[in-house]
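Below, each chain spelled out in residue letters.
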Amino acid sequence: MQMRRLEDRLGKAIFQRQGRASRLTDDGEKLLGYARRMVRLNYETVAAFDDEELSGAVTLGTPGDYAARFLPEVLARFARSNPLVEVTVRCESSPELTDLARAGDVDLAIVTLCGDTGPVEIIRREPLYWVGSESHAAETEAVVPLALDKPPCMWRAAALEALASIGRNYRILYTSGNPAALSATVQSGLALSVFAESALQPGMRILTEADGFPKLPMCDIGLVRSWNTKSSPIVDALAEHIVSALHNLSAYAASA
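Residues numbered from 1 in each chain as written. Predicted model: local features only at pLDDT ≥ 70, side-chain atom pairs only at ≥ 80, totals over all residues. Heavy atoms only, no water.

Draft legend 1. Fine view of the overall build of the protein. A count of helices and strands for the protein gives 9 helices and 11 strands. For the protein, the proportion of its 256 residues judged to be buried stands at 41%. Considering only contacts within the protein whose residues lie at least 6 apart along the sequence, 76% involve residues at least 24 apart. Working note: accessible area of the protein is about 13700 Å², and carbon and sulfur atoms make up 52% of it. (Helix = DSSP H or I, 4+ residues; strand = E, 2+ residues; numbered from the N terminus. Buried < 20%, exposed > 50% of the residue type's maximum accessible area, 1.4 Å probe, protein only. Contact = heavy atoms within 4.5 Å. Areas by Shrake-Rupley, 256 points an atom, 1.4 Å probe, with all protein chains shown as cover.)

Next comes the structure, spelled out in structure tokens:
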């Protein structure tokens, strides 16, 4: 009943109902983003006047590409709300971060789903894109040059499988676990690569089926908590900041 009243107030449908199941409409997703921002602001406001501030330490694991795109904002907001908490960041691949969480060496990790990762909280689903340079045309080469992460990597596997499905010739020009190096290779026009929406950088151009590249699968981003520790207020607070940042991340395609 509250949702119906909210829909009447907005003049928009928030849910699309399919039998007993419901899913958010585009307007519902938009509203969810604003709602998360309101919750986050409320949390920061209360924390600013809380005499019993959180204190302690937390280790966060993240792949390098996510760290470069939105982690500085997350850490800055978290520090303002929780100035007595010390955050240590470890940048590794998603499979390595899963192992670290399993061993209890990180308290919380942001991962791209790659096979069996154990208990994962999915926090964002976004498209995976072929990308090239805005100023070059490596995509027109007869044998496509690629810059990809080292295996095992879901994005690498998806790219090679997609090219094989259409019989497109390719060569792996550059392999690296360093996202900054892969980005630089793409931006300089030496090779193409695949990036999730939240990992795209200025100077990249999204390549579509019109450019001769098959559509890639969606990419799930999740949070993995340490398997050896129970939930803690510090980890919960950091997780909420990460979720809010990802849900409010502006779509690259819409701003390009």
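Draft legend 2. Looking closely at the nonpolar core. In this structure, Trp-130, Trp-155 and Ile-242 are the most contacted members of the largest nonpolar core, which totals 54 residues. It is helix H8 (residues 233-247) that contributes the most residues to this core, 9 residues altogether. With near-sequence residues (within four places) excluded, Trp-130 lies in contact with Leu-146, Ala-159, Ala-162, Leu-163, Ser-193, Val-194, Arg-205, Ile-206, Leu-207, Phe-213, Pro-214 and Leu-216. If you look at the next biggest cluster of nonpolar residues, it comprises 7 residues, including Leu-100, Ala-101, Val-106 and Ala-109. (Core = buried A, V, L, I, M, F, W, Y, C linked by side-chain atoms within 4.5 Å.)

Draft legend 3. View of helix H5 (residues 94-103). For H5, the set of buried residues is Ser-94, Leu-97, Thr-98, Leu-100 and Ala-101. Down the axis, H5 shows its buried residues gathered within 160° of arc, on one side only. As for H5, its buried residues are in contact with strand S3 (55-62), strand S4 (84-91), strand S5 (108-112) and strand S11 (218-225). (Arc of directions from axis to C-beta.)

Draft legend 4. Molecular detail of the pattern of salt bridges. Summed over all chains, the structure comprises 10 salt bridges. With a closest N to O distance of 2.8 Å, Glu-197 and Arg-124 form a salt bridge. One end of the pair, Glu-197, is in the loop between strand S9 (193-196) and strand S10 (204-207); the other, Arg-124, is in strand S6 (residues 121-133), and 73 residues separate them in sequence. Connected via shared salt-bridge partners are Glu-121, Arg-225 and Asp-236. (Salt bridge = Lys/Arg side-chain N within 4 Å of Asp/Glu carboxyl O.)

Draft legend 5. Main features of the packing of aromatic side chains. Applying the stated criterion to the full structure yields 1 aromatic pair. Ring geometry for Trp-130 and Phe-213: centres 5.3 Å apart, planes at 45°, overall tilted. Of the two residues, Trp-130 is situated in strand S6 and Phe-213 in the loop between S10 and S11; the sequence distance between them amounts to 83 residues. For Trp-130, a relative accessible area of 2% puts it in the buried group. The ring of Phe-213 carries Arg-168 above its face, with NZ or CZ at 4.9 Å from the centroid. (Phe/Tyr/Trp six-rings, centres within 6.5 Å; stacked < 30°, edge-to-face > 60°. Lys NZ or Arg CZ within 6 Å of the ring centre and 35° of its normal.)

Draft legend 6. Quick peek at a nonpolar patch on the surface. On the surface, a cluster of nonpolar side chains totalling about 230 Å² of accessible area is made up of Met-3, Leu-6 and Leu-10. Along the chain, Met-3 turns up in helix H1 (residues 2-10). The class for Met-3 is partly exposed, based on a relative accessible area of 37%. (Patch = residues over 30% accessible without salt bridge, like charges linked within 9 Å, V, L, I, M, F, W, Y side chains within 5 Å.)

Draft legend 7. The pairing of S5, seen in detail. Across the 5 residues of S5, 5 count as buried, placing the element largely inside the fold. Residue alternation in S5 divides its side chains into two sets, Leu-108, Ile-110 and Thr-112 and Ala-109 and Val-111, and both sets are buried. Judged from the 2 bridges that link them, S3 and S5 form a sheet pairing that is parallel. Within S5, the position partnered with Leu-60 by the bridge is Leu-108. (Pairing = 2+ DSSP bridges.)

Draft legend 8. How the structure looks around the confidence of the model for the protein. With 86% of its residues at a pLDDT of 70 or more, the protein shows a mean pLDDT of 82. Taking the mean pLDDT of every element in the protein, the minimum, 37, falls on helix H9 (residues 252-255) and the maximum, 94, on strand S7 (residues 144-148). Per-residue pLDDT stays below 50 along residues 250-256; that stretch engages in 10 contacts with residues further than four places along the chain or on separate chains. (pLDDT = per-residue confidence, 0-100.)

Draft legend 9. Region of interest: the side chain of Thr-59. As for its placement among the helices and strands, Thr-59 is situated in strand S3. Filtering out sequence-adjacent residues up to four positions away, Thr-59 remains in contact with Thr-88, Arg-90, Asp-105, Val-106, Asp-107 and Leu-108.

Draft legend 10. Seen up close, the side chain of Ser-176. Along the chain, Ser-176 falls in the loop between strand S8 (170-175) and helix H7 (179-187). You can call Ser-176 buried: its relative accessible area is 13%. A polar atom in the side chain of Ser-176 sits 2.9 Å from the backbone nitrogen of Asn-178. Here Ser-176 is in contact with Leu-148, Asp-149, Lys-150, Ala-181 and Leu-182, once residues within four sequence places are set aside. (Polar contact = N/O pair within 3.5 Å; in protein donor to acceptor, adjacent residues only side chain to side chain.)

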